[in-house]
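Coordinate analysis (summary)
As a plain string of letters, each chain reads:
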Amino acid sequence: MRFLGSVRARTTLGATAVVAVALVAAGLAVVLLLRANLAGRADLQAEVAAREVASQLATGTPFDRLELDDGDEHPVQVVDALGRVRAVSENLTAITGAGTGEVRPGASAGAPAVQGDDDGDDDGDGDGDGDDDDDGAPGRGQVSGDVHHSTGTATVNGRSADYRFAAVQATTPAGETVTVYAGAELQTTRDAVGTVARAMLVGLPVLLVVVAVVTWLVTRRALRPVAAIRGELAEITASGDLARRVPQPRSRDEVADLAATTNETLAALERSVARQRGFVADASHELRSPIASLRTQLEVAAAHPELLDLRGLTDDVIRLQDLAADLLLLARLDAGDRPVRTEPVDLAELVGEELRRRPASGRDLTVHADVAGDAPAVMGGRGRLARVLSNLLDNAERHAASRIRVSLAASADGTRAVLRVADDGPGVPPEDRERIFERFVRLDDARSRDDGGAGLGLAIARDLVRAHGGRLTADEAPGGGALFEVQLPGTPDT
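On a predicted model such as this, the values are computed, not experimentally measured, just so you know.

Thresholds, definitions, all that
Residues numbered from 1 in each chain as written. Predicted model: local features only at pLDDT ≥ 70, side-chain atom pairs only at ≥ 80, totals over all residues. Heavy atoms only, no water. Helix = DSSP H or I, 4+ residues; strand = E, 2+ residues; numbered from the N terminus. Buried < 20%, exposed > 50% of the residue type's maximum accessible area, 1.4 Å probe, protein only. Contact = heavy atoms within 4.5 Å. Areas by Shrake-Rupley, 256 points an atom, 1.4 Å probe, with all protein chains shown as cover. Salt bridge = Lys/Arg side-chain N within 4 Å of Asp/Glu carboxyl O. Pairing = 2+ DSSP bridges. Axes fitted to C-alpha atoms, helices over the stretch in contact; angles between N-to-C directions. pLDDT = per-residue confidence, 0-100. Polar contact = N/O pair within 3.5 Å; in protein donor to acceptor, adjacent residues only side chain to side chain. Phe/Tyr/Trp six-rings, centres within 6.5 Å; stacked < 30°, edge-to-face > 60°. Lys NZ or Arg CZ within 6 Å of the ring centre and 35° of its normal. Patch = residues over 30% accessible without salt bridge, like charges linked within 9 Å, V, L, I, M, F, W, Y side chains within 5 Å.

**A short note on the overall build of the chain**
Secondary structure assignment for the chain yields 8 helices and 13 strands. Looking at the chain as a whole, 39% of its 494 residues qualify as buried. Taking contacts inside the chain between residues at least 6 apart in sequence as the whole, the part at least 24 apart equals 63%. A total accessible area of about 27,400 Å² is found for the chain, and carbon and sulfur atoms account for 54% of it.

Spelled out as structure tokens, the structure:
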């Protein structure tokens, strides 16, 4: 059963079955056409033989002087209108399916009934010929244009066989109308059809075997790169070495595309694993500092209670708590977490609330808000959008010299809300404007650590914006400094 489950086996069986059906259909068509052709040929031979004898009668040749076939090829029987046998082939000893069963000249078996199974009137006028008499018989010295065919048997020289008989009427110059029956043997036709049928019965299985073998070999060759890809993937899975790549064939087909896509997937997986390992290492490093500080302070407090710094201890706990919350949020975003509840959020109202609730930074900073009234509402989680704005403002406060500007407006086409947070600090170098969104990246590492930053704020902000279908970019502010721009799609009715 496993054999039948392989692509190679199914392809071979399917191709063989299709070819078998096609060959059987073609073979039947050939046999039927051949039989019809040979049957028509027998009818024609019988008609030619009958017309030759009828022509002799029409020209006045007496019955006893007719040049008749001896019966070996075309047995002939001539019957008059009263059913009397006027002439027969020399070696004909028995006949059926013709005018009468008698084979002795002068014998009578009643009026003959000219019966046929096809043809009929050849000239299309209903009476056989334009010169025939009103009763359907040809005129004096003429041969009827009509011919009728029938199937019967004849015994010639003691051998009986099936024949196809043609019946043609002729009228002698004396005015006597007779019917000439001439036969063509059917055994030759049947032998030819049987020979072709037997040849097909023998050749069909041989041809199917050839088709199956060729299909099996061609499919094996075509699937060989797939087997190599599968084997390499199995080794990569067993070794865990994501730096390895599957072999890519030189052909420009679907297998080559599969190999290329597989290598791209492995490269993306390698980058993802490296990123995850770096994240774990960075998180461990960031957690180590507050935990070590807490342990030191607790050990000092245990030995010297009077030296306990409650404020510093509280700040370290808060810092550790915030860092744990950021790491948990990033883990959820990586897992594809989306807000449980989404609703239309008025960003103008959100900006006002965030600016009002923020405590004084202890520095002489001016925060200017420019909120346009046409900014569209956006769909999302209010708390997470507030977190985006809070992180951007925290970053701006950390780097601004004296001024922060927050603006909110609609995009040019009116379908998106554009939120900008700018400061007059040193700005972000062009080569670092994407790197600052990576996790645990701090361009001014010493100052960020002193301020309690772990390099996660901008990374969290970008992930949250992407989760809402928007984008977050960094640029240079018009008056110098850093400019962070958030674009979010408006609500569907915008």
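**Observations concerning the pattern of salt bridges**
If charged atoms from side chains of opposite charge come close, those side chains can pair. Overall, the coordinates contain 24 salt bridges when judged by the stated rule. One salt bridge connects Glu47 with Arg51, and the closest N-O pair in it is separated by 3.1 Å. With Glu47 and Arg51 both in helix 1 (residues 7-58), this residue pair falls 4 residues apart, about one helical turn. Look at Glu47 and you get buried, because its relative accessible area is 16%. With a relative accessible area of 22%, Arg51 lands in the partly exposed category. A salt bridge links Glu270 to Arg245; its shortest N-O distance comes to 2.8 Å. Highlighted residues: Glu270 in helix 3 (residues 254-303) and Arg245 in the loop between helix 2 (187-239) and helix 3, separated in sequence by 25 residues. Taking relative accessible area as the criterion, Glu270 reaches 29% and is therefore assigned partly exposed. The exposure class assigned to Arg245 is partly exposed, which follows from its relative accessible area of 30%. It is possible to trace a salt-bridge network through shared partners that takes in Glu354, Arg357, Arg358, Asp394 and Glu397.

**Some remarks on the sheet that holds strand 6 (residues 177-185)**
Where strands meet in a sheet, backbone hydrogen bonds hold them as pairs that are either parallel or antiparallel. Taken in spatial order, the 6 strands line up as 2-1-6-5-4-3 in an open sheet, and their pairing is antiparallel. Either end of the sheet is taken by a strand with one partner, and the two such strands are strand 2 (85-88) and strand 3 (92-96). Direction aside, the axes of adjacent strands within the sheet are offset by 30 degrees on average. In the sheet, strand 1 (residues 76-80) pairs with strand 6 via 5 bridges, with the strands oriented antiparallel. Residue pairing for strand 6: Val78 is matched across the bridge by Val180.

**Section: the sheet that holds strand 13 (residues 482-489)**
Pairing is mixed across the open sheet formed by 5 strands, whose spatial order is 8-10-11-13-12. Looking along the sheet, the strands with just one partner apiece sit at the ends: strand 8 (366-371) and strand 12 (471-476). Across the sheet, the axes of successive neighbouring strands diverge by a mean angle of 15 degrees, strand direction being ignored. Across 6 bridges, strand 8 lies against strand 10 (residues 403-410) in parallel orientation. Each residue of the ladder has a partner; that of Ala369, found in strand 10, is Val406.

**Observations concerning the confidence of the model for the chain**
With 88% of its residues at a pLDDT of 70 or more, the chain shows a mean pLDDT of 83. Counted against residues more than four places away or in other chains, residues 111-131, with its pLDDT under 50, gives 56 contacts. Scored below 50 in pLDDT, residues 445-450 shows 10 contacts in the model against residues more than four places distant or in partner chains.

**Overview of the side chain of Thr262**
Along the chain, the position of Thr262 falls in helix 3. Only 2.7 Å separates the side chain of Thr262 from the backbone oxygen of Leu258, close enough to count as a polar contact.

**Here we look at the packing of aromatic side chains**
By convention here, two paired aromatic rings are described through the distance between centres and the angle between planes. Applying the stated rule across the entire model yields 2 aromatic pairs. Between Phe437 and Phe484, the ring centres sit 6.2 Å apart and the planes meet at 85 degrees, which makes this aromatic pair edge-to-face. Separated by 47 residues along the polypeptide, Phe437 in the loop between strand 11 (416-423) and helix 7 (445-450) and Phe484 in strand 13 bring together distant segments of the chain. Of the residues examined, Phe437 reaches a relative accessible area of 7% and is grouped as buried. On the basis of relative accessible area, Phe484 is assigned to the buried category, the value being 2%. One residue, Arg462, lies across the ring of Phe437, its end atom 3.9 Å from the ring centre.

**What about a nonpolar patch on the surface?**
Taken together, the side chains of Val206, Leu207, Val210, Val214 and Val218 present a nonpolar region at the surface, about 410 Å² in accessible area. Tracing the chain through its elements places Val206 in helix 2. Val206 gets classed as exposed once you look at its relative accessible area, which sits at 52%.

**Describing the side chain of Gln56**
Note on placement: Gln56 falls in helix 1. Classification of Gln56 by relative accessible area gives buried; the value is 17%.

**Comments concerning unusual backbone geometry**
A positive phi angle is found at Asn157, which is not glycine, with a value near 55 degrees. Along the chain, the position of Asn157 falls in the loop between strand 4 (148-156) and strand 5 (159-171).

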